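What follows is the residue order along each chain.
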Amino acid sequence: MLLPTCLLCVCLRGSVYCDDNKLTKIPSLPRDTSYFYARYNTITSVEKKDFEGLDKLRRVNLSNNRIKSVDPGTFDGLPVLEELLISNNDLTELPGLPISLVTLAANWNSIIDSGLPSDGLAKLENLKDLYLGNNQLEHVPHGLPENLQLLHLQHNKIDSIANDTFCKPGDKTYVRKSLQDVRLDNNPVLLGSVPDAYICLRRLPTGQF
Ligand SMILES: *[C@@H]1O[C@H](CO)[C@@H](O)[C@H](O)[C@H]1NC(C)=O
Ligand SMILES: *[C@@H]1O[C@H](CO)[C@@H](O)[C@H](O)[C@H]1NC(C)=O
């Protein structure tokens, strides 16, 4: 079934380009796919079988579709997935994520607090960039990974910050070294209401103080 995919899409040395192709579901992908692009289609759901066995897959860009659901186990089983870009879709929850992930872009969806992993994000030890702006979140995700460098949460419904959101209230020597770029603008929260919340950060978040 690979031939039809590479007639419909462009397959080039491990990259499969299916942008703007009127797709309503993920086509059957060659086993050596490393980079997969299917932006600007009308895909509504992602099934586990779509990515099964693609153990070379490093980047998936499914931005600008209508994805509402992703089967459990779809992305978490992929051993080298580093970038999952799923902006501009209809998700209310994040899909399961592999620990290899470095960049997650899920901005412009409808993600709510209960759609984040209940055990937090800390296990994503490699995660550096987390784009969650323009969603429906009411709190900053908990368990922020230690290596996180960028956290974009602008245009959500976040209305409170706690003294342990970023820092460790019991440990005044703790410094969150990596996190440099936090956006909290266009949320109802007044960041100045908990002044101790940022003492471990090297740079203050953007937003209303
Ligand atoms: C993914 O696609 C979106 C939409 O075209 C684009 O803005 C973004 O830069 C892409 N990201 C990567 C890493 O290819
Ligand atoms: C952090 O906030 C909690 C809950 O409001 C409070 O009980 C605690 O004393 C605060 N810790 C510090 C060190 O300010």
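None of these values were measured; they are calculated from a predicted model.

A. Looking closely at the overall build of the protein. Looking only at helices and strands, the protein has two helices and eleven strands in total. Listing the helices and strands of the protein from first to last along the sequence gives α-β-β-β-β-α-β-β-β-β-β-β-β. At 18 Å, the protein has a C-alpha radius of gyration in line with the 17 Å of a compact globule built from 209 residues. Across the 209 residues that make up the protein, the buried fraction comes to 46%. Put simply, the protein shows about 10700 Å² of open surface, and 50% of that area lies on carbon and sulfur atoms. Distance from the positive charge centre (22 side chains) to the negative charge centre (25 side chains) of the protein: 5 Å.

B. Local environment of the nonpolar core. Formed by 56 residues in total, the largest nonpolar core has its most connected members in Phe36, Phe51, Leu62, Phe75, Leu151 and Phe166. The contacts of leucine 151, once residues within four sequence positions are left out, are Leu130, Val140, Leu144, Phe166, Leu179, Asp181, Val182 and Arg183.

C. Structural detail: the pattern of salt bridges. Scanning the entire structure with this criterion turns up eight salt bridges. A salt bridge links aspartate 50 to lysine 49, with the nearest nitrogen and oxygen atoms 3.4 Å apart. Judged by relative accessible area, aspartate 50 falls into the buried class, the value being 10%. Residue lysine 49 is classed as exposed on the basis of its relative accessible area, which comes to 56%.

D. Spatial organisation of the UniProt feature "domain: LRRNT" (unreviewed entry) in the protein. When the UniProt feature table is mapped onto this chain numbering, "domain: LRRNT" (unreviewed entry) sits at residues 5-35. Across residues 5-35, the secondary structure splits into 13% helix and 23% strand, with the terminal C-alpha atoms separated by 14 Å.

E. View of the state of the cysteines. Under the counting rule described, the total for this entry stands at three disulfides. Residue pairing for cysteine 9: its cysteine sulfur links by disulfide to cysteine 18, the two sulfurs lying 2.1 Å apart. With the S-S dihedral at roughly 105°, the linkage between cysteine 9 and cysteine 18 falls on the right-handed side. Here cysteine 167 is linked by a disulfide to cysteine 200, with a sulfur-sulfur distance of 2.1 Å. Between cysteine 167 and cysteine 200 the disulfide shows an S-S torsion of about -85°. By sign, it is left-handed. Of the two residues, cysteine 167 is situated in the loop between strand E10 (150-152) and strand E11 (181-183) and cysteine 200 in the segment after E11; the sequence distance between them amounts to 33 residues. Taken as a pair, cysteine 167 and cysteine 200 share a single burial class, namely buried. For the protein, the bonded cysteines pair up as 1-3, 2-4, 5-6 when numbered in the order they occur along the sequence.

Basis of the calculations
- Residues numbered from 1 in each chain as written.
- Chains lettered and ligands numbered in written order.
- Predicted model: local features only at pLDDT ≥ 70, side-chain atom pairs only at ≥ 80, totals over all residues.
- Heavy atoms only, no water.
- Helix = DSSP H or I, 4+ residues; strand = E, 2+ residues; numbered from the N terminus.
- Rg over C-alpha atoms; globule rule 2.2 N^0.38 Å.
- Buried < 20%, exposed > 50% of the residue type's maximum accessible area, 1.4 Å probe, protein only.
- Areas by Shrake-Rupley, 256 points an atom, 1.4 Å probe, with all protein chains shown as cover.
- Lys, Arg positive; Asp, Glu negative; His and termini not counted.
- Charge placed at Lys NZ, Arg CZ, Asp CG, Glu CD.
- Core = buried A, V, L, I, M, F, W, Y, C linked by side-chain atoms within 4.5 Å.
- Contact = heavy atoms within 4.5 Å.
- Salt bridge = Lys/Arg side-chain N within 4 Å of Asp/Glu carboxyl O.
- UniProt positions renumbered as here; feature names shortened; annotations may be inferred.
- Disulfide = S-S within 2.5 Å.

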